[in-house]
Every structure is written in C-alpha cells, then in structure tokens.
Amino acid sequence: MGSVTVSNKKPQTTSLNNYNNLATAPAANKTESVTTNNNCNGWIGGEGASAMTSAPNPKPKIVYGTAGYILEDVPHFTDYISDLPTYPNPLQDNPAYSVVKQYFVHVDDSVPQKVVVHKDSERGVHFRRAGPRQKVYFESDEVKAAIVTCGGLCPGLNTVIRELVCGLHHMYGVKSVLGIEGGYRGFYARNTINLTPKCVNDIHKRGGTVLGTSRGGHDTNKIVDSIQDRGINQVYIIGGDGTQRGAAAIFEEVRRRGLKVAVVGIPKTIDNDIPVIDKSFGFDTAVEEAQRAINAAHVEAESVENGIGVVKLMGRYSGFIAMYATLASRDVDCCLIPESPFYLEGPGGLFEYIEKRLKENGHMVIVIAEGAGQELMSEKMQTMNKQDASGNKLLQDVGLWISQEIKDHFAREKTMAITLKYIDPTYMIRAIPSNASDNVYCTLLAQSAVHGAMAGYTGYTSGLVNGRQTYIPFYRINENRNHVVITDRMWARLLSSTNQPSFLGDKCHNKDNVEEEEPLNQLPNGDLSDDTLKVNITCCKGGWQTRGRKGNKKRKKGHDE
C-alpha cells in the first residue's frame, strides 16, 4: 500500500505519484492502491467521506517532495465526494488530437513558479500543469456549463467566451452551455442565454462582452442556490481579483454542500495586477493600443513651442501598462506610476525636470497611470475613501489634476510659455477587440480551464506560469496584487529610456532608509538570481521628502501592497 502526506508542515517522506493517483483519475499504467494518513488535514476528505457531508474547514492542499519540492495543488472532487465514476477522455477519439504524440498530461507534471535557480537551490514551489487527463469525471451529456463575466471591460472577453463554448462542444461533446447575463447578479435574476458554437462564432471580433457585466451583486447563497436549482455542474467565472474572491466563496459553498460542481476562474485584469501568472489577457492589446494615444500626444507636443503631451493610462494600483507602453514607444520623457512616489516642486521635482526637458528638446510627453499621485491630490476630495461596487478605491482624475498643476506652475513662475494637451484613452482601450497575441492566449486559457473541469479539478484559476498553462489555487490568486518593482531591472530600463529622475531624493538612497523584503529568488551565496528584489521604499524613515508651495514638509507614504 502506498501512502501520502498532505499538510501544512513538511513531512519526512512523500510519494507524489501516490498522491496524484488519489487526487486524479489514475493513468492506465498506475494500478497500486493508495491510502491516506490518518492525520491528513488538507483538502482530502478520505475514503469515508459522504457525497453530502460537509468537509472540514479547508486548508491549502500542499504536497512536499524531495530536494525542496513543493506542489501547491488545487482541489479535486475526490477530496470531498467519494466513489465517483470516471470515464475515458473523449479526446482519444477526436480526429484533431490523432496526430498528437502524447494525448494527455502526465499525472506528475508540474510547473515551477521560479525558473532561475542556483545549482544548489531547492526546487521550490510548483503548480499543477494544465491539460487533458486520461480519465474524466463527466459524461458529455451530463455536463451543464455556465459562463459569467464580471467587473470592468477588457479586450479578449468575447474570445474567452467563444473558446469556452467551442472547447466544450468540439473537444468534449458538451451541448448545454448557458451564458449568465449581467455578472454575478444574473445567477439569481435568472437571466441566461443558450450559447452554441454557431452563435459565438464571430464574437471575438467585437469588443466588450456579449454576456454583459456588472460590479458587485455577489450573494454566495443565492448564486449557489441558482446553480443547484438549474442543475449546473461547471461554472466558468471570468473576472479580476474581486471576481476571483467571489469565485473562491462560491467554491467553498459548493464544497460545503458536497455538490459535484467544478468552479473555475479565468483571470481578467487589464492592469496585469493579478499575482503568480505571467500576464493577464488583454494586457498586450492595451499596451499596443496605448501607443496610438502616446503617438498623438507626441505629435501635438512637437508641433508647437514648449509643447507638453500628457497621457493617462490604466493602472489603479499597478503601473504595468504605463511602463510597457513607455518602453515600447520611446517617445515618452516621463512615466509616473503608483509604485514610484514623486513630488512636484523643488530640486529634483517634476516641475524642474519638465523645464529642463523643454529647454533641451522643446517638447515632452508624460505618461501617468491613473493610480499615480493620488496622495498628492487634495485630501478634501469627498471620494478619497470611497469604493466602487467591486471594492476598488474610487480615484480622482490624476491626468486632469497634474495637467492643471503644470499649467499653474508655469503661469505662476513665468519662466516659459507652454502649450499642454491632455489625452485620456482609457475607456477606448478597454472596449476594443483583442489583438492576435491576446486571442491566442485567450484560447489557451479557455481550453485549459475546460480540461481541468472535465478532469474533476475545481476551486482553481487557469493561468500562465513561466510560459506553461497551470492550475493555480484561488488563495494564491487572491492573496495580494502584482506590482511593478521599482528596484528591479525593468524599471531601470525605463529610467534609462526616459532619462527621468527617480524622484526619490538623495536621502532615499541611504541604505538605512530602505527596508528590504526577502528576495523571491535568493541564491545560497546571497546574490539575487534576476529581477526579483522587492523593496518597500520608506525613504527618510517612514516618509519620502516632498516639497509644498509653502516650504518643505514630510508626507507619510507606505508601499501599497
């Protein structure tokens, strides 16, 4: 008999092969029987678990292997429902897959979170590799799938919807797919449409989402009641961090009720601020479309004397779109993002830099992310602490504000006459169809999600990690946000491209004033493997130096995690 230990504490020995046999349908050449240790406190319910018995409070499902191997696994039906039948995967009879040398993903396949290692490094955290399994837990006629889109618009939403429908139909013969209209509210408002490959055939050519969307409206009990009443057994939820938190709550309730319902998330955020994954769909399209606005601002600026073009791009908490659009354009003189504090007046400030660039080039272009500089704006604004229905902080229009501040400064100082043009393309970018790169990525995300649900996995997000499709547990997606690290090489490349100042001030370069976090990829000799050092800039012992119009003062600012 084999044994396996799944827990939060590192055991002495582990058999990963045995664990995979337990959590997934066994491969044809795997015949040994498997038992679990009595002290197992992970997701596994054990052989005696009843289909309608509530499982214990969930804990991360973690498997430890040799040489520091850690698998952060995703839940499976067999964790809380016993004696489930399995069926041969219909892909083995699919002509499209007849030329594939290896139909199915090996049960032991996993993808490392970090690929840059030292020769003596531990193997580190891994995620389960996505793809079709040899055995599935649904018959084609049994499946009743539902698809819902939530939150803001993003290029690629319709492509994901299309590929989910077509993947279910063409790969697994699923005929019943419902579209939930209007976000989470659509579950209990009973707004649904039937989705077929024919009706979704051309929707990828259009922006937005054919299902409609909304923020908020999440009522876990009502949603799961609706899922149960309608006989839905696969739910595909497309949305950002707030939506994925809602998906995790739905999965917990489904698991508590002992329902055979796969709850699958597909991460959507145009800001690219979802952690773990390489990128989110729609990001490449957003960066490409942002070039149009930057080019227009550059044309406007260089066509007049002392012209300034200001472009506001998306990036509520993370400045990835602004950073990558700046690097791609090469016409940008200054990029301002939420992760990098800046100040306006005094030596080394933004106004001084603008004046310097205008004297040198006669024009300049500024790109600013929507979440940058919020702490510099008036605290008297009534919406400073308000949130939208998704729990996101309502932001002031920093583009309009900084444009007016620049105009007021040069009007007051009378050092030179400027002409400033402000461009805000944010909603135009959100509403366009995805480009070729994102279309391919959306296809991979959708098909991977379908493969996982059919194989009995649940409570996970389909995402790309180091170029490989993986299944990531919800808690990893929801634990924090992905931020631009202003002490890594990518931000250094941007500073080199724009020649802008860091705005941190001399005192901020004092080692005593920089609090460092543990590097994500520290090598045994203490060096960093690559762009992995994360630093919380807390200049001048808890605040960075800012300069106001009535003299110098300190403003407190913590790093937004």
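Worth saying up front: this structure is predicted, and the values here are computed from it rather than measured.

Some details on the overall build of the protein chain
- Across its full length, the protein chain holds 14 helices and 21 strands.
- Classification of the 561 residues of the protein chain by burial places 55% in the buried group.
- Look at the contacts in the protein chain between residues 6 or more apart in sequence, and 76% of them connect residues 24 or more apart.
- About 24000 Å² of surface is accessible on the protein chain, with carbon and sulfur atoms providing 47% of the total.

A look at the pattern of salt bridges
- A complete count under the given rule lists 23 salt bridges for this structure.
- As a salt-bridge pair, K205 and D202 come within 3.8 Å of each other at their nearest N and O atoms.
- Note that D241 is salt-bridged to R481, the shortest N-O span being 3.2 Å. With a gap of 240 residues between them, D241 in helix α5 (residues 241–257) and R481 in the loop between α12 (474–478) and α13 (489–498) connect regions that are remote in the sequence.
- Several salt bridges converge on common partners, so that one network encompasses D225, E253, R256 and R257.

Describing the UniProt feature "binding site: substrate" (unreviewed entry) in the protein chain
- In the numbering used here, UniProt assigns the feature "binding site: substrate" (unreviewed entry) to T269, I270, D271, M314, G315, R316, E370, Y427, M428, I429 and R430.
- Along the chain, the position of M314 falls in the loop between β12 (307–313) and α7 (320–329).
- Other than its neighbours up to four places away in sequence, M314 contacts I270, D271, I321, A369, E370, T426, I429 and R430.
- Structurally, M428 is set in helix α10 (residues 426–430).
- Look at M428 and you get exposed, because its relative accessible area is 58%.

Quick look at the sheet that holds strand β15 (residues 419–423)
- Strand order in the open sheet formed by four strands is β13-β14-β12-β15, and the pairing between neighbours is parallel. Edge positions in the sheet fall to β13 (334–336) and β15, since each of these pairs with one other strand and no more. Between one strand and the next, the sheet's axes are offset by a mean angle of 15 degrees, whatever the strand orientation.
- As defined by bridge partners, β12 adjoins β15 across five bridges and the pair is classed as parallel. Note on β15: the bridge partner recorded for G307 is T419.

Quick notes on the packing of aromatic side chains
- Using the criterion set out here, one finds five aromatic pairs in the structure.
- Pairing Y457 with Y471 gives two aromatic rings, centres 5.8 Å apart and planes at 45 degrees, and the pair type is tilted. In this pair, Y457 is assigned in the loop between α11 (436–454) and β16 (460–465) and Y471 in strand β17 (residues 468–473), connecting sequence segments 14 residues apart. The exposure classification of Y457 matches that of Y471, with both residues buried.
- The structure contains a cluster of three or more aromatic residues connected by ring pairs, namely Y457, Y460 and Y471.

Overview of the packing of α7 against α13
- Between α7 and α13, whose axes approach to 10 Å, the crossing angle comes to 45 degrees. Compared by their axis directions, α7 and α13 come out oblique. For the pair α7 and α13, the crossing hand works out as left-handed. Residues M323, Y324, T326 and L327 of α7 pack against M490, W491, R493, L494, S497 and T498 of α13.
- Of the residues assigned to the contact of α7 with α13, the class counts are six nonpolar, three polar and one charged.

A closer look at unusual backbone geometry
- One non-glycine residue, A67, lies in positive phi territory at about 55 degrees.
- Examined against the element boundaries, A67 turns out to sit in the loop between β1 (61–64) and β2 (69–73).
- Look at K414: it is not a glycine, yet its phi comes out positive at around 55 degrees.
- Within the fold, K414 resides in the loop between α9 (398–413) and β15.
- On the basis of relative accessible area, K414 is assigned to the exposed category, the value being 71%.

Topic: the UniProt feature "binding site: Mg(2+)" (unreviewed entry) in the protein chain
- Sites flagged by UniProt as "binding site: Mg(2+)" (unreviewed entry) map to D241.
- D241 gets classed as buried once you look at its relative accessible area, which sits at 16%.
- In this structure, D241 is in contact with I274, N478 and R481, ignoring residues within four places of it in sequence.

Details of the side chain of D333
- Within the secondary structure layout, D333 lies in the loop between α7 and β13.
- The exposure class assigned to D333 is buried, which follows from its relative accessible area of 7%.
- Polar contacts involving the side chain of D333 include one to the side chain of R357, which spans 2.6 Å.
- In terms of polar contacts, D333 uses its side chain to reach the backbone amide nitrogen of V365, at 2.8 Å.
- Once residues within four sequence positions are removed from consideration, D333 is found in contact with Y353, R357, N361, H363, M364, V365, T498 and Q500.

Section: the environment of G452
- Among the secondary structure elements, G452 is positioned in helix α11.
- In this structure, the C-alpha to C-alpha distance between G452 and A262, residues 190 residues apart in sequence, is 8.8 Å.
- Not counting residues up to four positions away in its chain, the partners in contact with G452 are Y457, Y460 and Y471.

Description of the nonpolar core
- Ranked by size, the top nonpolar core spans 101 residues in total, and within it I147, L164, Y236, I238, I250 and F281 carry the most contacts.
- When residues are assigned to domains, this core turns out to be shared by domain 1 (62–278 + 434–478) and domain 2 (283–432), each giving three or more.
- With 26 residues, the next largest nonpolar core counts L344, I402, M416 and F503 among its residues.

Scoring rules and cut-offs
- Residues numbered from 1 in each chain as written.
- Predicted model: local features only at pLDDT ≥ 70, side-chain atom pairs only at ≥ 80, totals over all residues.
- Heavy atoms only, no water.
- Helix = DSSP H or I, 4+ residues; strand = E, 2+ residues; numbered from the N terminus.
- Buried < 20%, exposed > 50% of the residue type's maximum accessible area, 1.4 Å probe, protein only.
- Contact = heavy atoms within 4.5 Å.
- Areas by Shrake-Rupley, 256 points an atom, 1.4 Å probe, with all protein chains shown as cover.
- Salt bridge = Lys/Arg side-chain N within 4 Å of Asp/Glu carboxyl O.
- UniProt positions renumbered as here; feature names shortened; annotations may be inferred.
- Pairing = 2+ DSSP bridges.
- Axes fitted to C-alpha atoms, helices over the stretch in contact; angles between N-to-C directions.
- Phe/Tyr/Trp six-rings, centres within 6.5 Å; stacked < 30°, edge-to-face > 60°.
- Parallel < 35°, antiparallel > 145°, perpendicular 65-115°, else oblique.
- Left-handed = near helix turned anticlockwise from the far one by under 90°.
- Nonpolar A, V, L, I, M, F, W, Y, C, P; charged D, E, K, R; others polar.
- Polar contact = N/O pair within 3.5 Å; in protein donor to acceptor, adjacent residues only side chain to side chain.
- Core = buried A, V, L, I, M, F, W, Y, C linked by side-chain atoms within 4.5 Å.
- Domains from an automatic or database assignment.

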